[in-house]
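Listed below, chain by chain, are the residues.
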Amino acid sequence: MITNDTVYHFVGIKGSGMSALALVLNDLGYQVQGSDIDQYTFTQRDLERAGIKILPFSETNLHEGLTVIAGNAFQDDQIEIKTALEMGLPVVRYHQFLGELLKGYTSIGVAGAHGKTSTSGLLAHVLSGVAKTSYLVGDGTGKGIKDAQFFAFEADEYRRHFLAYSPDYLIMTNIDFDHPDYYTGLDDVFDAFQSEAYKVQKGIFAWGDDPELRKIKANVPIYYYGTREDDDFQARNIQRTVQGSEFDAYYHGENIGHYHVPLYGEHNVLNSLAVIAVSHLEKIDDKEVARELADFKGVKRRFTEKKVADVTIIDDYAHHPSEIKATLDAARQKYPDKQIVAVFQPHTFTRTIALMDDFAASLNLADEVFLTDIFSSVREKAGKVSSADLGAKITKGGRVLKLDNMSPLLDFDQPVVVFMGAGDVQKYEYAYEELLSNLSPKDN
């Protein structure tokens, strides 16, 4: 299926998974190009650096000799996909192609409603430091290494796409209700994870505190990680400081090492422990794992920080109540004496309606909350809910910001402002940064 006798044309190449897969194929020596919208996205720079051609969407991009890899955000009626099918060109969905590519490696997937990108990025970093490793991370980062031993990748549960994968190992960070435009409820999400569990070849690593994960059955061993006495891998003596987090890791009661990660929030202790668990069972030296963990710089759009004037700005992809809670917890750990201001862009109308009360509860963990208008998606242009409806349920503010007036954010003294969302919340962040820059004293 994967051959050098074709050019792989990615429809939607700027998507986070698609751009990462394009980079992997390019590294492995395959011919790669793609198409997308003209608007700049954070995944674009790495594609440009790799010399991968990015074209505007057009049916004129299609010609003989192409194999089309179709992004999962698009249906078969998208102009290029439709044209390719009419021409009889091979058209393969992203997840199907990735499933084929994984064959021939010791593959380690990361699945979960939350934490996939942070954990797969951490896993890729650690394994790359100790062995030849290809990887695909959901922040648009991808690398293909010829003759690699491992392939670390993000396994997305949306529309059950991860059922295209039969990994050797699978980390399951949690099971939670999300994607209400597809899943009917928590039971439906569980069913998807249960189906994927039966496809795993060697072992599953599951967070021990998740009651849904405790119900999972599999044909391979399930290793639970966490802080409970009955977890196979345990984090003990956890210390969370303004420098990061450290802990001792135990496997079946045996201390396998002391670890420090320059990351914040309880979730990052758990993510690190999952990576330690996989590495330990693959007999990677625990001291080498500790060295790599201590050197991790994070992934794109996950607690990414910058300083503008006297304001600390954090950019994060959090778009579900559980993720918002984790991000604000991390901000509190690193900045215990600062005022935490949240700016949240709700992502899709269906998710906002389905999780309204949970969103309000998570956002109220900030000192002050601002909202932007709801971000619609390719799949969903409108809905019967507004950001003002969510704002009415928030006790710590809840005002709706407009892009042409970011001045309400100026009412705070040296705050930590956390911009969160999976849409284009960064345009609000950039507008705020410009406002701050214009107000800052300039050197003559």
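Structural data are supplied above this passage.
Worth saying up front: this structure is predicted, and the values here are computed from it rather than measured.

(A) Structural context of the overall build of the protein chain. In terms of helices and strands, the protein chain carries 13 helices and 21 strands. For 444 residues, the compact-globule estimate of 2.2 N^0.38 gives 22 Å, and the C-alpha radius of gyration of the protein chain, at 22 Å, lies within 12% of that figure. Principal-axis analysis of the C-alpha atoms places the extent of the protein chain at approximately 60 × 60 × 50 Å. Counting only residues that meet the buried cut, the protein chain has 57% of its 444 residues in that class.

(B) The arrangement of the pairing of strand 12 (residues 222-226) in detail. Within strand 12, four of the five residues are buried, leaving the element largely enclosed by the surrounding structure. Pairing of strand 11 (residues 203-207) with strand 12 involves four bridges; the strand directions are parallel. Residue pairing in the sheet places Phe-205 in a bridge with Tyr-223 of strand 12. Here two bridges tie strand 12 to strand 13 (residues 233-241), and the two strands are oriented parallel to one another. Paired with Gly-226 across the two strands is Gln-234, which belongs to strand 13.

(C) Fine view of the packing of aromatic side chains. A complete count under the given rule lists 17 aromatic pairs for this structure. An angle of 70 degrees between the planes, with centres 5.2 Å apart, marks the rings of Tyr-8 and Phe-97 as edge-to-face. Pair noted here: Tyr-8 is in strand 1 (residues 7-11) and Phe-97 is in helix 4 (residues 94-101), with a separation of 89 residues, a long-range link. Of the two residues examined, Tyr-8 and Phe-97, each falls in the buried class. For the pair Phe-419 and Tyr-432, a centre-to-centre distance of 6.0 Å together with 45 degrees between the ring planes defines the contact as tilted. With Phe-419 in strand 21 (residues 416-420) and Tyr-432 in helix 13 (residues 426-439), this pair connects stretches of sequence that are 13 residues apart. Just as Phe-419 is buried, Tyr-432 falls in that class too. Grouped by ring-pair contacts, the aromatic residues Tyr-169, Phe-205, Tyr-223, Phe-233 and Tyr-251 constitute a single cluster. The ring of Phe-190 is capped by Lys-215, whose NZ or CZ atom sits 5.4 Å from the centre of that ring. We note Arg-236 situated over the ring of Tyr-250; from NZ or CZ to the ring centre the distance is 3.9 Å.

(D) How the structure looks around the packing of helix 1 (residues 16-27) against helix 4. Where helix 1 meets helix 4, the closest approach of the two axes is 11 Å, and the angle between their N-to-C directions is 35 degrees. Helix 1 and helix 4 meet at a crossing whose hand is left-handed. In contact with Gly-17, Met-18, Leu-21, Val-24 and Leu-25 of helix 1, helix 4 contributes Tyr-94, Phe-97, Leu-98 and Leu-101.

(E) Geometry of the nonpolar core. Core analysis: the largest hydrophobic core is formed by 76 residues, its most contacted members being Phe-10, Leu-98 and Leu-363. The element that contributes the greatest number of residues to this core is helix 1, accounting for seven residues. Ignoring any residue separated from it by four or fewer positions in sequence, one finds Leu-363 in contact with Ile-324, Leu-328, Ala-342, Phe-344, Val-369, Leu-371, Leu-390, Ile-394 and Met-420. Val-126, Leu-127, Tyr-223 and Ile-276 belong to the second-largest nonpolar core, a separate cluster that totals 40 residues.

(F) Region of interest: the pairing of strand 2 (residues 31-36). By the criterion of burial, strand 2 is predominantly enclosed, with five of the six residues buried. Strand direction decides the pairing type here: strand 1 and strand 2, joined by five bridges, are parallel. Directly across from Val-7, in strand 2, lies its bridge partner Gln-31. With helix 1 bridging strand 1 and its parallel neighbour strand 2, the resulting β-α-β unit is right-handed. For strand 2 and strand 3 (residues 53-56), the ladder comprises four bridges, and the chain directions are parallel. Bridging from a neighbouring strand, Gln-33 pairs with Lys-53 of strand 3. Read from strand 2 through helix 2 (residues 44-49) to strand 3, the crossover connection turns out right-handed.

(G) Looking closely at the environment of Ala-155. By the secondary structure assignment, Ala-155 is in the loop between strand 9 (150-154) and strand 10 (169-172). In this structure, the C-alpha to C-alpha distance between Ala-155 and Lys-393, residues 238 residues apart in sequence, is 34 Å. With near-sequence residues (within four places) excluded, Ala-155 lies in contact with Val-110, Ala-111, Lys-116, Phe-162, Tyr-165 and Leu-170.

(H) Highlighting the sheet that holds strand 20 (residues 397-400). The strand order across the open sheet built from six strands is 16-17-21-18-19-20, with neighbouring strands paired in mixed fashion. Edge positions in the open sheet fall to strand 16 (304-308) and strand 20, since each of these has one partner strand only. Each adjacent strand pair in this sheet contributes to an overall mean axis angle of 20 degrees, direction not counted. Summarising the sheet, strand 16 and strand 17 (residues 311-316) pair through five bridges and their orientation is antiparallel. For Lys-307, the partnering residue across the bridge sits in strand 17 and is Thr-312. Across the sheet, helix 9 (residues 321-334) touches strand 16, strand 17, strand 18 (340-344) and strand 21, and the angle it forms with strand 21 is around 160 degrees. Strand contacts of helix 11 (residues 356-363): strand 18, strand 19 (368-371) and strand 21, with the helix running at about 155 degrees to strand 18, the strand carrying the most contacts.

Definitions and limits used
Residues numbered from 1 in each chain as written. Predicted model: local features only at pLDDT ≥ 70, side-chain atom pairs only at ≥ 80, totals over all residues. Heavy atoms only, no water. Helix = DSSP H or I, 4+ residues; strand = E, 2+ residues; numbered from the N terminus. Rg over C-alpha atoms; globule rule 2.2 N^0.38 Å. Buried < 20%, exposed > 50% of the residue type's maximum accessible area, 1.4 Å probe, protein only. Pairing = 2+ DSSP bridges. Phe/Tyr/Trp six-rings, centres within 6.5 Å; stacked < 30°, edge-to-face > 60°. Lys NZ or Arg CZ within 6 Å of the ring centre and 35° of its normal. Axes fitted to C-alpha atoms, helices over the stretch in contact; angles between N-to-C directions. Left-handed = near helix turned anticlockwise from the far one by under 90°. Contact = heavy atoms within 4.5 Å. Core = buried A, V, L, I, M, F, W, Y, C linked by side-chain atoms within 4.5 Å. Right-handed = clockwise from strand over helix to strand, strands pointing away.

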